[in-house]
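Here's the letter readout for the chains.
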Amino acid sequence: MNRNEALTRWGGWRSREIKIAENMLESPLPVEIRGGWTSNFQIFPVRKTSHEIVTGGELGWTRGARPIRAVVPAGFNSLRVVRRCPGRSVGGFARWRLTVLSGAELPLLSGTVSGNGAAVFRYEGGPAGVSFDFHSEITANSLVFNRAAGGEPIRLSQHSQIKGVGRLPGAGLMSVPDCRQWVVKVF
């Protein structure tokens, strides 16, 4: 593994905090985390300075070996990976792997897109409307847009909201919550 790859890929067996930037990130950062068949992991963004530590809300939760994608909002410089044991099961034996993605690795959001599970899209257009439908499933997370230029994430839906419309301010990254079926349309 070369030096540049070492700065964009991490892995481990246990809960761990990863420093992803020396300074605060000025723009959002897409990441992918993969667990194993027998292990579950959660990831949280962390902002560490010399005088404070702030943990943001959950970015994702692995279930099985399927990778999930998430966006680290601007202003955070670390990630906390936490091994979870749902119910009374053991913590599992698989390791986790986390990779920083480039924007080119993300699908482009345009027209109507649909799928299942969590997803991250890049949006390259100007201001536009967006509608979403989570097909009657109550989702634990909400539809979130992170401007390419940075700033606070924009929540386009509230927790448990299954249908609605919102406004994309311009270029950026959009995170779709983990649910069985969803449809997102840009208009």
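Here is a short report on the structure shown in this document. All figures in this text were calculated on a predicted structure; none of them were measured in a lab.

1. Let's talk about the overall build of the protein
Of regular secondary structure, the protein possesses 1 helix and 17 strands. Within the span of the protein, comprising 187 residues, buried residues form 47% of the whole. Sequence separation of at least 24 residues holds for 75% of the intrachain contacts in the protein that already meet a minimum separation of 6.

2. Observations regarding the sheet that holds strand β14 (residues 154-155)
The strands making up a sheet associate through backbone hydrogen bonding, with each pair oriented either parallel or antiparallel. Pairing in this open sheet of 4 strands is antiparallel, and the strands run β11-β16-β13-β14 from one edge to the other. Two strands close off the open sheet at either side, each with one partner strand: β11 (119-123) and β14. Note that strand β13 (residues 144-147) and strand β16 (residues 172-176) share 4 bridges and pair antiparallel. Looking at the pairing, N146 lines up with L173 of β16.

3. Some thoughts on the packing of aromatic side chains
Using the criterion set out here, one finds 2 aromatic pairs in the structure. Relative to W182, the ring of F121 lies with its centre 5.9 Å away and its plane at 85°, an arrangement referred to as edge-to-face. Within this pair, whereas F121 is found in strand β11, its partner W182 is found in strand β17 (residues 182-186), the two being separated by 61 residues in sequence. The burial state of F121 is the same as that of W182; both residues are buried. In this structure, R47 packs its charged tip against the face of F76, placed 4.4 Å from the ring centre.

How each quantity is defined
Residues numbered from 1 in each chain as written. Predicted model: local features only at pLDDT ≥ 70, side-chain atom pairs only at ≥ 80, totals over all residues. Heavy atoms only, no water. Helix = DSSP H or I, 4+ residues; strand = E, 2+ residues; numbered from the N terminus. Buried < 20%, exposed > 50% of the residue type's maximum accessible area, 1.4 Å probe, protein only. Contact = heavy atoms within 4.5 Å. Pairing = 2+ DSSP bridges. Phe/Tyr/Trp six-rings, centres within 6.5 Å; stacked < 30°, edge-to-face > 60°. Lys NZ or Arg CZ within 6 Å of the ring centre and 35° of its normal.

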